[in-house]
Amino acid sequence: MDNSDSKLDFDDLGAPKKSTASVTVRRIIAYVVLILLTILCLIWFYILFINATRSNGDLSRGFRAYPSDRLFVNLNNIFHGSLPVVRGMINSLIVAGLTALLTTYFSTMTAYAIHAFRFKGRKAIFVFILAIMMIPTQVSALGFQQLCYSWGLENSFIPLIVPSIASAVVFFYMKQYMDSNLPHELLEAARIDGAGEIRIFNTIVIPLMKPAIAVQAIFAFVGSWNNYFIPSLILHKDEMKTLPILIAQLRAADYLKFDMGQVYAMIAFSIFPVIIVYLLLSRYIVGGVTAGSVKG
């Protein structure tokens, strides 16, 4: 009896080979699921941009899936209205950009110190930083506001930017990333070659951490860009306010000036910088983790 038809093919590792049909079916299912998830994620942006093209009267009659012709009218009313939208955009860019830069650099530096050095109290410091993650921002908001007023920092960007240097969440992420992707042997080799710690950090650690830095920079930028709570406590002058505060003011307008189409248009306008930042940093996310320093 010939049993050749019942034999299984094995690959180089000794595992049974999967049939081409089975692999194709799984791939099709994966693509279908990913397409559905993509649609679910993007449909809300589509609704936002569609509503930005409509007037307040059109929106009151219900949603329609096709765009209207009111987009440029809404944008013109926003830019030539009573709110300093362009100035708010610049303010948000300054605060969010500096926040993303400072929080990623100094949190990475802190994580490097905990990862690379062995000193007394190292574990206690690590646990203390993790404990800070459990404290909500709202708990310390009142005391933070009073401190800013007593130091004369009202209507200043300093209270919104400087505290971002100490970010427990970014530190924890960077520390976990270093544990997996930053070998101590590489640091020891650099020290033997005579490199100082600052040079090691800037020329070896930073290039190795580019994917993690890109991810946290995106999160930090978006978080600061969308932050309304703390800026609303500190910023009171119109020329100092950020976009989230201006959007809230536009939504709170009286019924004679309220236009939901303008609100949607302003929200859509505020999303574009976030999209641009993501597109600029996304290439580092998919890049090789050890590209640059190790191979160099």
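Read on for a plain summary of the structure. (Residues numbered from 1 in each chain as written. Predicted model: local features only at pLDDT ≥ 70, side-chain atom pairs only at ≥ 80, totals over all residues. Heavy atoms only, no water.)

**Some words on the overall build of the protein chain**
Counting its regular elements, the protein chain contains 14 helices and zero strands. Going from N to C terminus, the protein chain has its helices and strands arranged as α-α-α-α-α-α-α-α-α-α-α-α-α-α. Taken over 296 residues, the protein chain has a buried fraction of 35%. Looking at the protein chain alone, contacts between residues at least 24 apart form 72% of all its contacts between residues at least 6 apart. For the protein chain, the exposed area adds up to about 18300 Å²; of that, 67% sits on carbon and sulfur atoms. (Helix = DSSP H or I, 4+ residues; strand = E, 2+ residues; numbered from the N terminus. Buried < 20%, exposed > 50% of the residue type's maximum accessible area, 1.4 Å probe, protein only. Contact = heavy atoms within 4.5 Å. Areas by Shrake-Rupley, 256 points an atom, 1.4 Å probe, with all protein chains shown as cover.)

**A look at the nonpolar core**
A general trend in soluble globular proteins is that nonpolar side chains are found buried together. Counting 25 residues, the largest nonpolar core has Y112, I200, V205 and M209 as the members making the most contacts within it. Taken together, the elements giving at least two residues each to this core come down to α4 (85-116), α5 (122-132), α8 (168-181), α9 (184-192), α10 (197-208) and α11 (210-225). Discounting residues that sit within four places of it in the chain, V205 has contacts with Y112, M178, L182, L187 and I200. Counting 23 residues, the second largest nonpolar core, distinct from the first, contains A96, A220, L243 and V277. (Core = buried A, V, L, I, M, F, W, Y, C linked by side-chain atoms within 4.5 Å.)

**Let's talk about the packing of α4 against helix α13 (residues 243-251)**
Each pair of packed helices can be summarised by the angle the axes make with each other and by the distance between the axes. The N-to-C vectors of α4 and α13 enclose an angle of 145°; their axes lie 8 Å apart at closest approach. In contact with V85, G88, M89 and S92 of α4, α13 contributes L243, P244 and L246. Classifying every residue of the contact of α4 with α13 by side-chain character gives five nonpolar, two polar and no charged. (Axes fitted to C-alpha atoms, helices over the stretch in contact; angles between N-to-C directions. Nonpolar A, V, L, I, M, F, W, Y, C, P; charged D, E, K, R; others polar.)

**Some details on α8**
A rise of 1.5 Å per residue sets the reference length of α8, with its 14 residues, at 20 Å; its end C-alpha atoms lie 20 Å apart and thus fit the reference within 8%. Of all the positions in α8, only A168, V170, F171, M174, K175, Y177 and M178 are classed as buried. Contacts made by the buried residues of α8 are with α4, α5, α10 and α11. (Expected span 1.5 Å × (residues − 1).)

**Quick look at the environment of S55**
Looking at where S55 falls in the secondary structure, it is placed in the loop between α1 (20-51) and α2 (56-60). In sequence terms S55 and S68 are 13 residues apart; their C-alpha atoms lie 8.5 Å from each other. For S55, the residues in contact, after removing those within four places along its chain, are R70 and D259.

**Some thoughts on the side chain of Q262**
Within the secondary structure, Q262 sits in helix α14 (residues 260-285). Beyond its immediate sequence surroundings of up to four residues, Q262 is in contact with N74, N77, I78 and L250.

**A few points about unusual backbone geometry**
Positive phi, normally seen in glycine, also occurs at N155, with a value near 60°. Tracing the backbone through its elements, the reader meets N155 in the loop between α6 (137-150) and α7 (158-161). Given the relative accessible area of 18%, N155 is considered buried.

**As for α11**
Over its 16 residues, α11 runs 22 Å from end to end, which matches the ideal 22 Å to within 8%, given 1.5 Å per residue. Judged by how many residues are buried, α11 sits mostly within the fold: 12 of 16 residues are covered. Among all positions of α11, only P211, A212, I213, A214, V215, Q216, A217, I218, A220, F221, S224 and W225 are buried.

**Some thoughts on the side chain of T104**
The residue T104 is located in helix α4 in this model. Engagement of the side chain of T104 in a polar contact is seen with the backbone oxygen of A100, the distance being 2.6 Å. A distance of 3.1 Å separates a polar atom in the side chain of T104 from the backbone oxygen of L101. Look past the residues within four positions of T104 in its chain and what remains in contact with it is V170, I213, Q216 and A217. (Polar contact = N/O pair within 3.5 Å; in protein donor to acceptor, adjacent residues only side chain to side chain.)

**As for the packing of α8 against α11**
One way to put it is that α8 packs onto α11 with a least axis distance of 10 Å and a crossing angle of 160°. The orientation of α8 with respect to α11, classified from their angle, is roughly antiparallel. Here α8 and α11 pass one another in a crossing that is right-handed. Contacts from V170, Y173, M174 and Y177 in α8 reach P211, A212, I213, V215 and Q216 in α11. (Parallel < 35°, antiparallel > 145°, perpendicular 65-115°, else oblique. Left-handed = near helix turned anticlockwise from the far one by under 90°.)

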